[in-house]
Amino acid sequence: MRPLTPQRILWTCAGLFGVLFVVVVISLRMGAYPISVRDIVDTLYKAAAGRRDEVPVEFWQVVFGLRLPRIALGILVGASLSTAGAGFQALLRNPLADPYVLGVSSGAALGAIISLIAAPHVVGAIQIAAFIGAASTIAGVYFLGRRGGQLDSPTLLLAGIVAASFLSAIIMFLLTMVTGSELRSIAFWLMGDLTAPPPVTNVLGWLGFLFFVFIVAAGAMYTTSSDLNLILTGEQEARHLGVNVNRVKFVVYIAASVLTGLAVSVSGAIGYVGLLIPHVMRMFFGTDYRMLIPTAAIGGAIAIVLADTLARTVVAPTELPVGAMTALAGAPVFIYLMRRRMR
Amino acid sequence: MSAGAGGVALPASQPVAFAARPSLRLKVEQASYAYAASDRSAPKFTLGPVSFEAQQREIVAILGPNASGKSTLLKLLAGLLKPLSGRIEVDGAEVSQLDLRVRAQKIALVAQESELLFPLRVWEYVLQGRYPYGRRLRFESDEDCLLAGNALAQVGADALRDRWMDHLSGGEKQRVILARALVQQPSLLLLDEPTQHLDIGGKVELLRRLRRLADESRYSVIVVTHELNLAAEFSDRIVLLHKGKCPRIGTPAEVYQRELLEEVFDAPLEVEMGYSGRPRVILRGSH
Amino acid sequence: MGERPITRAARIFVLISFALVACAAGHAAETRPREGGRYKGADAGLRQAAANEKRETKNVTDETGRHVAIPPNVQRIVTLAPNLTETIYALGLEDKLAGDTSYCDTPPAAKLKPHVGSPQTPSLEAIVALHPDLVLATTSINRPETADALLRLGIAVYTSDPHTVRGMLDSIARMADLVAAGEHGATLVAQLQARLDAVHARIGDLPLVHVLFVVWEDPLITVGQNTFIADALRWSGAESAIVAEQNWPQLSVEEVVRVQPEYIVLTPNHSESDAANKSSDLEKLRARPAWKALKAVETGHVVVASDEFDRPAPGLIGAIEQLARELHPEAFALSEGGKTIVGGTHAAMETLTSDAAKKECVSCAL
């Protein structure tokens, strides 16, 4: 009997952070523009020391203009999607749940498409519209998914599926009405794109804001991790043990939906990560949510940064969308996990 | 209730000093309940009023045929329903008004378990019973582990400690669930038809274990059942329910009167005195 | 739960494999050959930046409304679309072309230039690696996000937005100005305009032929009123029989049968020549059930436009001439050694019978 301790969680996360660090270094190193690790480190150091004018323009462009923002965004999106996926799998009592099953991504996509049609060149419109779409879907599905005033898992799942289908139908209709150039933008956005420019010029501030939202939402979900462990052995049993099941479900629903909306607004719908990373982390570290939530977050970050690096180097100089890479890698992993469960 | 050495077995013969009626665990006073399809229609079902008490170390059986109100009464006792009138108190506190976690510290309910979604080891499952104590996001302490180990020993499931929950047999699983309930250190242990899926050997084993646990514990055991003979054999008192009413409460000998049982269970029955001095019920005409 | 040995082993395995991948990747990246845009060291970037800041930069507004600061001495251009590449070659500026996309194949020499990827997803890093002074993009094939990203990096991007043939000529003139090749531009534009006027002189009074311009056969997609293809059709003496506000309306064949266009204009694959294609295309259409009902198919009024037709580049003029001749054959006559300027594709070239006429064909340098 070796119960989970905070120390073990911290050491595991430290190890995973190490892996993430290695992956980030690799990702910084790879790309069409040839730049050595020494030069990268030099650029970073000089940037930190405030000596920007000593850095060649192109180094700055590549490291801070292209690679680092992508990596930072990838970390954020990967962590958000995996954490949301873990939350939804517990909330819906369904191992096949992913962050998009409740229609949040369809709502965000609809918002993005409407903004692309109505206000194509307004900076930041697409992110804001996507987030509004996500938020509306979250609220709508919440009210549809209640039964007797409380969130009921099967009803919630049905409500989400219905919402997703309905919104997808509207999206398809709009796509037929749209002219050429917007169509291209939408298609890429839907496939998942980490290169979208930020809506404000202060990239660092924007990234900081996004990470803040992530920490708040993921943190809120983490406070319910003990509760989730109990709920996973049965809702009634959890109630009898003193878990406020309705409150926990509400918190997890909001937190996971916010995380999904955040990820989708920023980078479109990148698939498979939210579904698979929680399962992979369970395989390595167990099903206790006190360990699963942080490891899934870091694991998701690693996965997306890896996928993005591959997406931009595998058929260079053409760039594949990140979503294509996660699907390519995700499908075999999914099959493997399914077969393992059958055993 | 202190979270002291509650799980450690006390020899039954050791004299313990109590203050005035501190051993009264459960007090049900004129509790009643009713529910209707809607606010305007007549009540579809009413229960009560019911009154009884349970002391520590007692096993009380709530006995009755299907649809007699047993589960409703159980839910009232567990605090899941609020009584329409009357009071239900555990350790002197009105149950339906207790905070969720405090209630879980006082009342442990053993019901049919749901299917597990992800694999879980037995000791992890049992440790979850410590949830009501401490903070919401908590990590198990050494004391928790000690209590869990004791509980597993008490139910004879010590060897199952490292097994996976979904690899257990029905009987083994039920022992583990019982251990989790014990780890809550409750004042009231409620069991909802615990012998349902067990064969006769399993039923007897479970009730013997409950009897032993009750004898050595500080809590009351309430068992909801429709098994006439097992209830008579193992319980101290019986609360008989029939269509929402409570025709009799008493010891098995007092409650098991032929005419009463025949009316309640709607079957031709015969009541005999068994070897242990407790009544035994058989079908009439099957000598 | 204890840390299982598999967990530890898995972590070690993962770390080792990452290390291996990192070494391999580093090695691969270093040995990949790169033409033209070879990185010459930190100084190149620094020198560029310094040089740009010394002189005055031109502030222009491109055709999408973006404000762009063009460096005064543009030596290195990157084009993000085939029509832009073609324009650069037509302006005689191919020496300044540092890179183009993998789709750029007109003229064939463009295929040998360093590639930055596809027009839809070019690699921003590859573009940066080519140290461009100016990047050319167009709304007809590039995504606005690409131009936005490059501008944010401080790279000048001029995006053209062609809707009409005359608009395209204006674009060419403006782009030529940006790279200090204004005279080339003016000459080219004048030549192209002259050819357009010549065509208009011949067919301007004739009624427009109703055609169905087939962008894609299955599903059937044609062009809307606001595309430059529609404008090019008008210059060719034709008009799309389908009126639509969308750029690429999708229709069913029944709608075409209802409208009964006089001609069907197909667009070819790159690999097949026009003459060989024509008869096989007609046979294919005749074999299709719904298409058989079209009068145009019955009477053999199926023409194949040059593949230059859907590209806003100088070659479009030749394509217009060719289509005009196919649709209004009676209005055209080849005069031996005369001043009539004819142009067109290779196939049309074969029909020119004198060297003099061939010489006067300006765009026949393909």
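Keep in mind that this is a model prediction, so the values were computed, not measured.

Basis of the calculations
Residues numbered from 1 in each chain as written. Chains lettered and ligands numbered in written order. Predicted model: local features only at pLDDT ≥ 70, side-chain atom pairs only at ≥ 80, totals over all residues. Helix = DSSP H or I, 4+ residues; strand = E, 2+ residues; numbered from the N terminus. Buried ≥ 20, exposed ≤ 12 C-beta atoms within 10 Å, placed from the backbone. Contact = placed C-beta atoms within 7 Å. Rg over C-alpha atoms; globule rule 2.2 N^0.38 Å. Nonpolar A, V, L, I, M, F, W, Y, C, P; charged D, E, K, R; others polar. Pairing = 2+ DSSP bridges. Core = buried A, V, L, I, M, F, W, Y, C linked by C-beta atoms within 7 Å. Domains from an automatic or database assignment. Axes fitted to C-alpha atoms, helices over the stretch in contact; angles between N-to-C directions.

Participant: Give a description of the overall build of chain C that names residues and reports values.
Facilitator: Check the secondary structure of chain C and you find 14 helices and 12 strands. Per-residue burial for chain C yields a buried fraction of 41% across its 366 residues. Across chain C, every contact between residues at least 6 apart in sequence was considered, and the portion connecting residues at least 24 apart equals 57%.

Participant: Kindly report on the overall build of chain B, identifying the contributing residues and their values.
Facilitator: Tallying secondary structure elements over chain B gives nine helices and 12 strands in all. Relative to its length of 287 residues, chain B is compact, with a C-alpha radius of gyration of 19 Å against a globular reference of 19 Å. Expressed along its principal axes, the backbone C-alpha trace of chain B runs to roughly 55 × 50 × 45 Å. A total of 287 residues make up chain B; the buried ones form 42% of that total. Sequence-distant contacts, at least 24 apart, represent 67% of the contacts inside chain B between residues at least 6 apart.

Participant: I'd like a rundown of the interface of chain A and chain B, residues and numbers included.
Facilitator: Put simply, an interface is often sized by how much accessible area is lost when its parts join up. If you look at the interface, chain A gives 24 residues, while chain B gives 28 residues. Contributing elements (two or more residues each) for the side of chain A that touches chain B: α9 (225–231) and α10 (235–240) of chain A. Taken together, the residues that form the side of chain A that touches chain B break down as eight nonpolar, 12 polar and four charged.

Participant: How would you sum up the environment of R195 of chain C? Please name residues and give values.
Facilitator: Following the sequence through the fold, R195 of chain C ends up in helix α7 (residues 182–203). In this structure, the C-alpha to C-alpha distance between R195 of chain C and G318 of chain C, residues 123 residues apart in sequence, is 8.6 Å.

Participant: Talk me through the sheet that holds strand β4 (residues 85–90) of chain B; I want residue IDs and the actual numbers.
Facilitator: Residue and element names in this part refer to chain B. In space, the four strands of this open sheet follow the order β2-β1-β4-β5, with antiparallel pairing throughout. One side of each edge strand has no neighbouring strand; the edge strands of this open sheet are β2 (43–55) and β5 (93–94). As paired strands, strand β1 (residues 24–36) and β2 are joined by nine bridges and run antiparallel to one another. Among the inter-strand pairings, A34 is bridged to a residue of β2, identified as T46.

Participant: Please give an account of the nonpolar core that cites residues and values.
Facilitator: Core analysis: the biggest nonpolar cluster contains 273 residues, and L259 of chain A, V126, A179 and L190 of chain B together with V135, V211 and V265 of chain C have the highest contact counts within it. There are two domains that each give this core at least three residues, and those are domain 1 (10–161) and domain 2 (205–327) of chain C.

Participant: How would you summarise the sheet that holds strand β7 (residues 209–213) of chain C if you had to cite specific residues and measurements?
Facilitator: Residues and elements named next belong to chain C. Spatially, four strands are ordered β9-β7-β11-β12 in an open sheet, and the strand pairing comes out parallel. In the strand order of this sheet, the two ends are held by β9 (238–240) and β12 (302–304), each with one partner. Averaged over all pairs of adjacent strands, the angle between strand axes in this sheet comes to 40 degrees, irrespective of strand direction. Inspection of the sheet shows β7 paired to strand β11 (residues 263–266) by three bridges, in the parallel sense.

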